[in-house]
Amino acid sequence: MMSVNFEELSKLVIDGDTDAIKSAVKNAINDGADPLEIVDKGLAKGIRTVGEKYGKGEIFLTELLMGAEAMKAGMEIINPEIQKQKKELKKVGTVVIGTVSGDIHDLGKNIVTALFSAHGFDVTDLGVDVPNEKFIDKLKELKPDILGLSALMTSTITKQRDIINTLKETGLRDKVKVMVGGAAVNEDFVREIGADGYAENANDAVIKAKDLLK
Amino acid sequence: MRPVLEFFSSDEIYEIHQTSLDILERVGMKFESLEAQQTLKNVGVEVDSKGVARFHSDLVEEYIKMAPRSVVLRGRDPKKDVYLRNDRVAFAAGTGMYVIDGNKARKATYQDCCNWAKLTDAVKNVDFTCEIHSTDMPSELTDRYNFKAMAMNTTKPFVGSALSKDGVLDEIEMAAAIVGGKEELRKRPIWWAGYAAISPLIWSENACTVFKETAPYNIPAFVEGESVVGGTSAVTVASTLAQTNAEALSGIVYNQIIKKGRPCILNLGFTHPMDMKTCLALHGNVVSGIVAAGGNQLARFYGLPSAAWMATDSKVSDAQCGYEKALTGIIPALARSSLIFGMGQAEFTFAVDFEKLIIDEEIVNQMKRVIDGIEVTEETLCLEAIERVGIGGNFLTPKARDTFKFIQKETTELTVGDRNTREKWLEAGGKDIGQKAREKVNEILTTHEPEPLDKDIIKKMDEIIENAKKKVEAKK
Ligand code: B12
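Residues numbered from 1 in each chain as written. Chains lettered and ligands numbered in written order. Predicted model: local features only at pLDDT ≥ 70, side-chain atom pairs only at ≥ 80, totals over all residues. Heavy atoms only, no water.

**Observations concerning the interface of chain A and chain B**
The condition is simple: Contacts are residue-level and defined by heavy atoms, with any inter-residue pair within 4.5 Å sufficient. Once two parts are brought into contact, the accessible area they lose, counted with a 1.4 Å probe and summed over both, makes up the buried area. Within this document, salt bridges are pairs made up of a side-chain nitrogen of Lys or Arg and a carboxyl oxygen of Asp or Glu, the two lying within 4 Å of each other.
If you look at the interface, chain A gives 20 residues, while chain B gives 18 residues. Buried surface at the junction of chain A and chain B, both sides included, amounts to about 1,500 Å², of which 67% is carbon and sulfur. When the area that chain A buries against chain B is broken down by residue, the three leading residues are L107(A), T154(A) and S155(A), summing to 30%. The interface formed by chain A and chain B holds zero salt bridges in total.

Structure below.
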């Protein structure tokens, strides 16, 4: 077995090189590397580094998202191989996310969604202007670990509270971690409505989500 | 000559215009409202099964020409009407959902919205008032409450948001109550219908509804393309303008189809350059000013009024706040944006700061002097005075009497800033601009009495709000 350069794989994620990463991952598989190690020591390490750099303000958001894209491209190649070898990736978590009803702001939510995916979360994005009931229905159907609610207006953040209250009333509250975000949300409000987590930006959202699932 | 700042040559303007038309023809614009789709189809616009309308450039040019060159924003008091044209500049208050108090920001209340309107009613340089979002009222009804707050506390024209179809219908009723009925409203359409496209290239159901419901009264339509630059439009200013212009033009075309000759404002001045590191939508960035100025040049090309935003991302009334406001204000002011929003606004578009409004009034005073330009006539050249004063004299004596009439117009004065010597400044208490502005705010809020709104009108508004409340509760 040839020695696989995991560092190189990480670097391709960091550089956001979606094309090169595909062939590099294929080569690594052909060289007989353990697909789980390719993820762990290569791709995932790369995306973590990108996230850290972004957190420190060293790189632009576009570089972070390109890293996320490269990660995704690599995973698309590796996933079938993992299945073939009947192995299983460590589950990161599942997320149902959307912008609450009455609100159509989606840029922030889309960025959060992209980063969650890049970090290996299984994300279902319900879109914008999502009625409260739809969140509840999807929760029952998909049983995600995390429910993400985005709201940017003072007139719509109240939906975040309503949804949490419905969860309490229907006995679902302790089945899911509720994360809220968006421009009009702040720490005080999060405490007031009893959400589990809040993040000011997409990168922090991922860190927070991982914390919540520990 | 009055200076007009231009960022584009006529060739470049044409390039951008043409790219906007290409976008509307090749990519198209999605209209989420089925009714709007039908309206467009009726005049021959091609609309596909996904609701994407592709416009021929001829059609766009034909309809854009129908929009009038001048738009009047009407106030409760007709003397306060604002005439928007693309060769003069009016100023408007800012908006927000927090109220800044020193280093802190707290959630805005209905009472704050009333006070904000009252303050803007008293401050001379505010031509147009903007709501702040009260957070202590039922969330579905904040638009109606804010409307009432402004109607009661200012006689100047004002704008609030309409959060739903019921919201816009109620606000039309409220506006009609003020002017004495729907027929009167058609003649004096106070209020306006403002909506932005969802970049890139979508007109939402709600936007179409607001435009449609307000059209019969000829209420001015404020049609905006306001992308997050780098996020919902490409990071270059040129592309941002081409795209947001396409968005706004298609909105104006839609408005002209539903009501030929409806007054429309082409606003490309509210874009938010994204901070590519923190991901925040900025406003005090000079790039906002440049986009607004470019947008205004495009609006002038079409003969339409435009708008802009003087803004800051600073959290406090500090040096950053001052310079960002001045820069993001003066750039579009020199480009002759018809209406510059943002007086008193801070912290992106999140907060208002009452004392900042007073400071901004001073900045606006200074800007007005700049845009007045330099008048060159035989009289202002004052050759005779120079001859009379002669070599080594001064121009403060009766010999220069005929130049004195220009003092008011040519010089500037401060209202809260300080231009005195240190001694005199200390004698007067050594106060900084913020302290003086704060005192002025307190004085206005305790002494200013806006022209009261008729009791019956208030009663009517309360009834409208009561009914809306019942409707909302019934839905729950
Ligand atoms: C761009 C924008 C728009 C665009 C939206 C385009 C789109 N595709 O999203 C348009 C022009 C369509 C728009 C429309 C309106 N808007 Co707007 N809009 C904004 C603006 C300027 C920026 C939002 C943005 O995209 N920011 C950039 C993104 C990346 O940041 P973000 O959304 O905050 O997301 C980050 C974090 O919050 C967090 N996050 C977000 N979601 C989540 C979710 C979870 C689970 C977590 C953990 C984290 C998280 O991570 C994200 C990435 O870092 C804000 C003001 C501002 N500066 O924020 C106003 C603002 C939100 N809008 C406002 C208003 C009033 C409106 C309108 C009513 C105006 C009108 N009459 O047209 C309509 C409302 C339509 C509706 N019903 O929703 C107000 C809300 C005021 C209030 N009442 O609270 C604001 C605050 C501006 C203002 N002061 O007036 N808007």
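**A look at the site of the ligand**
Defined as follows: Any residue with a heavy atom positioned within 4 Å of a molecule or strand is treated as near that molecule or strand. Identification of polar contacts relies on pairs of N or O atoms within 3.5 Å, with a donor-acceptor requirement for protein atoms, meaning one able to donate a hydrogen and the other able to accept it, and with residues adjacent in sequence counted only if both atoms are side-chain atoms. Numbering of helices and strands runs from the N terminus; a helix is a DSSP stretch of H or I covering at least four residues, while a strand is a stretch of E covering at least two.
The environment of the ligand is formed by 42 residues, the closest being H105(A), D106(A), S150(A), T154(A) and T349(B). Taking H105(A), its side chain carries an N or O atom lying 2.8 Å from a nitrogen atom of the ligand. In this structure, a nitrogen atom belonging to the ligand sits 3.2 Å away from a side-chain N or O atom of H133(B). When contributions to the shell around the ligand are tallied by element, the ones reaching two or more residues are α5 (107-118), β3 (146-150), β4 (177-181) and α9 (202-212) of chain A together with β11 (193-196) of chain B. Looking at the shell around the ligand, the element that brings in the most residues is α5(A), giving four residues.

**Details of the domain arrangement of chain A**
All names here are of chain A. Defined as follows: For the purposes of this description, domain bounds are those given by an automatic or database domain assignment. The classification used treats Ala, Val, Leu, Ile, Met, Phe, Trp, Tyr, Cys and Pro as nonpolar, Asp, Glu, Lys and Arg as charged, and all other residues, Gly among them, as polar.
Parsing chain A into structural domains produces domain 1 (6-86) and domain 2 (93-212). The centre of domain 1, based on its C-alpha atoms, is set 27 Å off from the matching centre of domain 2. Summing both partners gives a buried area of about 690 Å² for domain 1 against domain 2, and 77% of it is carried by carbon and sulfur. Where domain 1 touches domain 2, the interface holds zero salt bridges. Where the side of domain 1 that touches domain 2 is concerned, the elements lending two or more residues are α3 (35-55) and α4 (61-84). A total of five residues in the side of domain 1 that touches domain 2 trace back to one element, the largest contributor, which is α4. Residue classes in the side of domain 1 that touches domain 2 are distributed as seven nonpolar, two polar and no charged.

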